[in-house]
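Okay, here's what each chain looks like letter by letter:
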Amino acid sequence: MKKLWYLFKLGIKAVLRVVFAVISGGEECVICGKKSFLYPLCRECRKSYLSIKNVEKDDLFKNRCKICGKELLSTQETCFDCRIKPVVTHVDKMLPLFPYRIWNKELMFMWKSQEIRSLSLFFAKILNLVLQKLDSKVVIPVPPRKGKLQQKGWDQIDELCNLLEYIYGYKVLRILERSTAMQQKKLGREGRLNQIGKAYSVVPPSRFQKALKPYKGTLPKNIILLDDVCTTGSTLESCSLVLKEVGIETITGVTLFTVD
């Protein structure tokens, strides 16, 4: 019932958005300026700039830094930053999908701040194309800051996970929580790095055991850690540090965007 009600509400919002767009003559695609309706992206730009090629699992990680997952500009196995001072050490593989620049920044602002939630459907569809090629079907979301769900009524990563669970059949394991209400975007690089090992923790034992009930009380060994943007890698590293401590063996960090 919860699943049907959630999808019904999201579907109604999407339909109303299309109806409003039709009445108002549509809105401009953030990339090319052409008219669009459900998403602030036209069909051509979605296909050209924000699509996932039909590649095999091993090809997803080709020509990427083996530590942070950014696309490589050289023939070495790691990027310059990771050769000098790697941030990510507890994430086994990193897979950021798109660079966080130009129109992608505007899309994130529309999604998170303007709450154009039809983008959740678009991003969930992209993520499914990637996640179905990975070994695990268990997703652990990076949790929102304390009070965000009560204050705003939604969180973009929580919504993505609901869609991945309800539409695409992934299992979502919510066993992490934020230990601080500080917004990461307000911290500089050093401030973010100083939060590793401090900003996230496992939920209390009662909630932890309840989350594991669908798994018969056994923690899955191989999971996907999901976030929207990777800036320094400190968030995924902090979460992975905690998850490794409770017994998860293999972590694949997946983000929609990465800061170059």
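Bear in mind that the values here come from a model prediction, so they are computed numbers and not experimental data.

Our focus in this paragraph is the pattern of salt bridges. According to the stated counting rule, one finds 11 salt bridges in the structure shown. When the shortest N-O distance is used, the salt bridge between Lys148 and Asp155 registers 2.9 Å. Accessibility assignment for this pair places Lys148 and Asp155 in one class, buried. Across the salt bridge formed by Arg174 and Asp158, the nearest N and O atoms sit 3.2 Å from each other. Remark: Asp158 occurs in helix H7 (residues 156-166) and Arg174 occurs in the loop between strand E5 (171-172) and strand E6 (176-178); sequence separation between them is 16 residues. Three or more residues are tied together by salt bridges with common partners; here these are Asp158, Glu165 and Arg174.

With that settled, consider the packing of helix H4 (residues 103-112) against helix H5 (residues 118-131). Put simply, H4 and H5 touch, their axes get as near as 9 Å, and they point 125° apart. In terms of orientation, H4 and H5 fall into the oblique class. The two elements H4 and H5 cross, and the hand of that crossing is left-handed. Together, Leu107, Met110 and Trp111 of H4 and Leu119, Ser120 and Phe123 of H5 make up the contact between the two elements. Residues belonging to the contact of H4 with H5 are distributed by class as follows: 5 nonpolar, 1 polar and no charged.

Okay, the state of the cysteines next. Scanning the entire structure with this criterion turns up 0 disulfides. Counting only cysteine sulfurs, Cys230 is the nearest neighbor of Cys239, a cysteine outside any disulfide, at a range of 11 Å. Under the relative-accessibility criterion, Cys239 is labelled buried at 0%.

About the criteria used
Residues numbered from 1 in each chain as written. Predicted model: local features only at pLDDT ≥ 70, side-chain atom pairs only at ≥ 80, totals over all residues. Heavy atoms only, no water. Salt bridge = Lys/Arg side-chain N within 4 Å of Asp/Glu carboxyl O. Buried < 20%, exposed > 50% of the residue type's maximum accessible area, 1.4 Å probe, protein only. Helix = DSSP H or I, 4+ residues; strand = E, 2+ residues; numbered from the N terminus. Axes fitted to C-alpha atoms, helices over the stretch in contact; angles between N-to-C directions. Parallel < 35°, antiparallel > 145°, perpendicular 65-115°, else oblique. Left-handed = near helix turned anticlockwise from the far one by under 90°. Contact = heavy atoms within 4.5 Å. Nonpolar A, V, L, I, M, F, W, Y, C, P; charged D, E, K, R; others polar. Disulfide = S-S within 2.5 Å.

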